Amino acid sequence: MEGKGVYSVRDIKEGEVIGVFGGIVIPEEEIDHLTRTVPAEKLNIDHAMYIYPGFLMLHDYENGCDPLCFVNHSCDPSSKITNGIILIAIRDIAAGEEVSWNYKETDDIGNWSYEFKCQCGSPNCKGMVQVGPQYRVEANAIRN
Ligand SMILES: C[S@@+](CC[C@H](N)C(=O)[O-])C[C@H]1O[C@@H](n2cnc3c(N)ncnc32)[C@H](O)[C@@H]1O
Ligand SMILES: [Zn+2]
Ligand SMILES: [Zn+2]
């Protein structure tokens, strides 16, 4: 896995709230302006996510990262995001296990796009994590 990740320090039960995301909410059209005006290492666009169609939440780029910034994607995740910002366990998570969610479930809903090679290591790993309109068009073309 690239970079940092979040690991449980105790047993977590299915359905438990692991954390609540916070940050700076913007309409998705503002992302281009912000990428031009805020230094990339501060904005850290890798730590953004959709919280509602048309609205992205960026991490708090004035004050820096929250631990939840470091929750990685998995194709076989241990948690999910509900109500836009609440990270909740979708199965029991043992102490020492990685906390993850499926980024496609939150982020593949708008014009913001990204891709990276997935290193989640699960047997059903999809290989690439691709979100954004261009990938949805490709996927539909393959299906049709
Ligand atoms: C919200 S951050 C997660 C924390 C990140 N690992 C870090 O150290 O800042 C999202 C970024 O982490 C990396 N990442 C997350 N899940 C990954 C995965 N399953 N395989 C490879 N890279 C991953 C990607 O670069 C992605 O853009
Ligand atoms: Zn962050
Ligand atoms: Zn994967």
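Residues numbered from 1 in each chain as written. Chains lettered and ligands numbered in written order. Predicted model: local features only at pLDDT ≥ 70, side-chain atom pairs only at ≥ 80, totals over all residues.

Participant: What am I meant to see in the environment of Gly15 here?
Facilitator: Here Gly15 is to be found in the loop between β1 (6–7) and β2 (17–20). Along the backbone, Gly15 and Ala89 are 74 residues apart, and their C-alpha atoms lie at a distance of 5.1 Å. With sequence-adjacent residues up to four places away left out, Gly15 is seen in contact with Ile88 and Ala89. (Helix = DSSP H or I, 4+ residues; strand = E, 2+ residues; numbered from the N terminus. Contact = placed C-beta atoms within 7 Å.)

Participant: Would you mind showing me how to read the site of ligand 1 here?
Facilitator: The immediate surroundings of ligand 1 are formed by 16 residues, with Gly3, Lys4, Asn72, His73 and Gln119 found nearest. Taken together, the residues of the shell around ligand 1 break down into 6 nonpolar, 7 polar and 3 charged. (Near = placed C-beta within 6 Å. Nonpolar A, V, L, I, M, F, W, Y, C, P; charged D, E, K, R; others polar.)

Participant: Hey, could you run me through the sheet that holds strand β4 (residues 49–52) in this one?
Facilitator: Hydrogen bonding along the main chain pairs the strands of a sheet, whether they run parallel or antiparallel. If you trace the 3 strands from one edge of the open sheet to the other, you get β3-β5-β4, paired in antiparallel fashion. Only two strands of the sheet have a single neighbouring strand rather than two, namely β3 (24–27) and β4. Recorded for the sheet is a direction-independent mean angle of 40° between the axes of neighbouring strands. Note: β3 against strand β5 (residues 55–58), 4 bridges, orientation antiparallel. Paired with Ile26 across the strands is Leu56, a residue of β5. (Pairing = 2+ DSSP bridges. Axes fitted to C-alpha atoms, helices over the stretch in contact; angles between N-to-C directions.)

Participant: Honestly, the pairing of strand β11 (residues 128–131) in this entry has me stumped. Any pointers?
Facilitator: Remark: a regular strand shows side chains that alternate across the two faces of the sheet. The alternating pattern of β11 places Val129 and Val131 on a buried face, while none of Met128 and Gln130, on the opposite face, is buried. As defined by bridge partners, strand β10 (residues 114–117) adjoins β11 across 4 bridges and the pair is classed as antiparallel. Looking at β11, one finds that Tyr114 is bridged to Val131. (Buried ≥ 20, exposed ≤ 12 C-beta atoms within 10 Å, placed from the backbone.)

Participant: Help me understand unusual backbone geometry in this model?
Facilitator: Leave glycine aside and you will find that most residues have negative phi; peptide bonds, for their part, are mostly trans. Positive phi, normally seen in glycine, also occurs at Asn44, with a value near 40°. Although it is not a glycine, Asn83 adopts a positive phi angle of roughly 50°. Summarising the element assignment, Asn83 is placed in the loop between β7 (79–82) and β8 (86–89).

Participant: Explain the sheet that holds β7 to me, please; I cannot follow it from the model alone.
Facilitator: Spatially, β2-β8-β7 is the arrangement adopted by the 3 strands of the open sheet, whose pairing is antiparallel. Unpaired on one side and paired on the other, β2 and β7 mark the two borders of the sheet. Each strand of the sheet is rotated relative to its neighbour by a mean of 25°, with strand direction disregarded. Alignment of β7 against β8, held across 4 bridges, turns out to be antiparallel. The partner of Lys80 across the bridge, within β8, is Ile88.

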